[in-house]
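In case you want the letters, here they are:
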Amino acid sequence: MYLKKVEIQGFKSFADKTEIKFNNDITAIVGPNGSGKSNITDAIRWVLGEQSIKNLRGGKMEDVIFSGTDKRRPLGFAEVTIFFDNQDGDIPMDYNEVAITRRIFRSGESEYYINKNSCRLKDIRELFMDTGIGKDGYSIIGQGRIDEILSNKPEDRRNIFEEAAGIIKYKSKKEEAERKLKSTEENIIRIRDLIHEIS
Ligand code: ATP
């Protein structure tokens with residue numbers, strides 16, 4: 001599996017629809033300071049569900065929408081789609097290509113799509129769990145992240161290795177099962193109380 005294309009429209013400095021194609025090789029993006037190189041990685045993290053605007057270098061989520069220039073009016077929405085080549089089936093879907101889309105309007109709400117089908121952010125998170133591609137995956141190392149990784153607490157670094165080793169998915173399923181178990185136990189206690197009251 002590899003990232004083969006990013007389509008950006010209305011996201012940060014990319015007012016017009018822009019397509020960036022990647023070969024299954026090394027691609028370098030070069031440009032002057034402030035020309036939008038980091039905005040591309042921001043777009044990739046955003047489409048994968050980044051919810052922290054601080055991580056996207058903005059003040060509020062609306063800041064990811066093209067805010068206009070002297071010559072151009074601001075836009076009303078931002079949309080990013082990333083396309084993965086999935087011929088090796090690493091993404092657990094029966095498609096040779098998997099496209100993930102996120103769209104946001106100035107009103108605030110985000111919409112998510114997997115291969116053009118509307119979905120929840122949770123679906124995207126689950127799809128990419130343990131592939132290393134999630135928004136916190138080790139496949140996106142932003143500016144300053146290396147220092148962060150080196151200086152972080154050992155437990156935080158451990159998460160990176162666990163994601164790489166493919167066990168995050170099971171940890172997260174275990175946590176969900178434990179949550180359900182706890183709520184079931186609480187229900188049982190409530191039912192016992194009720195039985196006690198009426199008997
Ligand atoms: P450097 O090499 O200095 O790290 P860079 O090429 O990575 O720079 P970015 O940080 O990706 O550049 O882009 C910064 C540019 O994006 C700035 O010119 C900023 O004005 C522009 N920008 C950010 N958000 C928006 C927005 N919502 N609308 C329009 N332009 C934006």
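What you see is a predicted model; the values in this text were computed from it and never measured.

### A short note on the UniProt feature "binding site: ATP" (unreviewed entry) in the chain
Part 1 of the reasoning: Taking the numbering used here, the UniProt-annotated feature "binding site: ATP" (unreviewed entry) corresponds to Pro32, Asn33, Gly34, Ser35, Gly36, Lys37, Ser38 and Asn39.
Part 2 of the reasoning: Note that Asn33 resides in the loop between strand S2 (18-21) and helix H1 (37-47).
Part 3 of the reasoning: Within the secondary structure layout, Gly36 lies in the loop between S2 and H1.
Part 4 of the reasoning: Discounting residues that sit within four places of it in the chain, Gly36 has contacts with Lys12, Ser13, Phe14 and Gly31.

### With respect to the site of the ligand
Part 1 of the reasoning: The local shell around the ligand holds 14 residues, among which Asn33, Lys37, Ser38, Asn39 and Ser67 are the closest.
Part 2 of the reasoning: Looking at side-chain class alone, the shell around the ligand contains two nonpolar, nine polar and three charged residues.

### Notes on the pairing of strand S4 (residues 97-105)
Part 1 of the reasoning: Note: strand S3 (residues 77-85) against S4, nine bridges, orientation antiparallel. The residue bridging Thr81 from the neighbouring strand is Thr101, located in S4.
Part 2 of the reasoning: Here S4 pairs with strand S5 (residues 110-114) via five bridges, running antiparallel. Paired with Thr101 across the bridge in S5 is Tyr113.
Part 3 of the reasoning: Count of turn residues in the S4/S5 antiparallel hairpin: four residues, of which Gly108 carries a positive phi of about 120 degrees.

### Let's talk about the sheet that holds S5
Paired through backbone hydrogen bonds, the strands of a sheet run either parallel or antiparallel to each other.
Part 1 of the reasoning: Strand order in the open sheet formed by six strands is S2-S1-S3-S4-S5-S6, and the pairing between neighbours is antiparallel. Single-partner strands in this sheet number two, and they are S2 and strand S6 (117-119). This sheet shows a mean twist of 20 degrees between the axes of neighbouring strands, independent of strand direction.
Part 2 of the reasoning: Against the sheet, H1 engages strand S1 (2-9), S2, S3 and S4, with an angle of about 85 degrees to S3.
Part 3 of the reasoning: Those strands touched by helix H2 (residues 121-128) are S4, S5 and S6, and its axis lies near 45 degrees from that of S5.

Calculation rules
- Residues numbered from 1 in each chain as written.
- Predicted model: local features only at pLDDT ≥ 70, side-chain atom pairs only at ≥ 80, totals over all residues.
- UniProt positions renumbered as here; feature names shortened; annotations may be inferred.
- Helix = DSSP H or I, 4+ residues; strand = E, 2+ residues; numbered from the N terminus.
- Contact = placed C-beta atoms within 7 Å.
- Near = placed C-beta within 6 Å.
- Nonpolar A, V, L, I, M, F, W, Y, C, P; charged D, E, K, R; others polar.
- Pairing = 2+ DSSP bridges.
- Axes fitted to C-alpha atoms, helices over the stretch in contact; angles between N-to-C directions.

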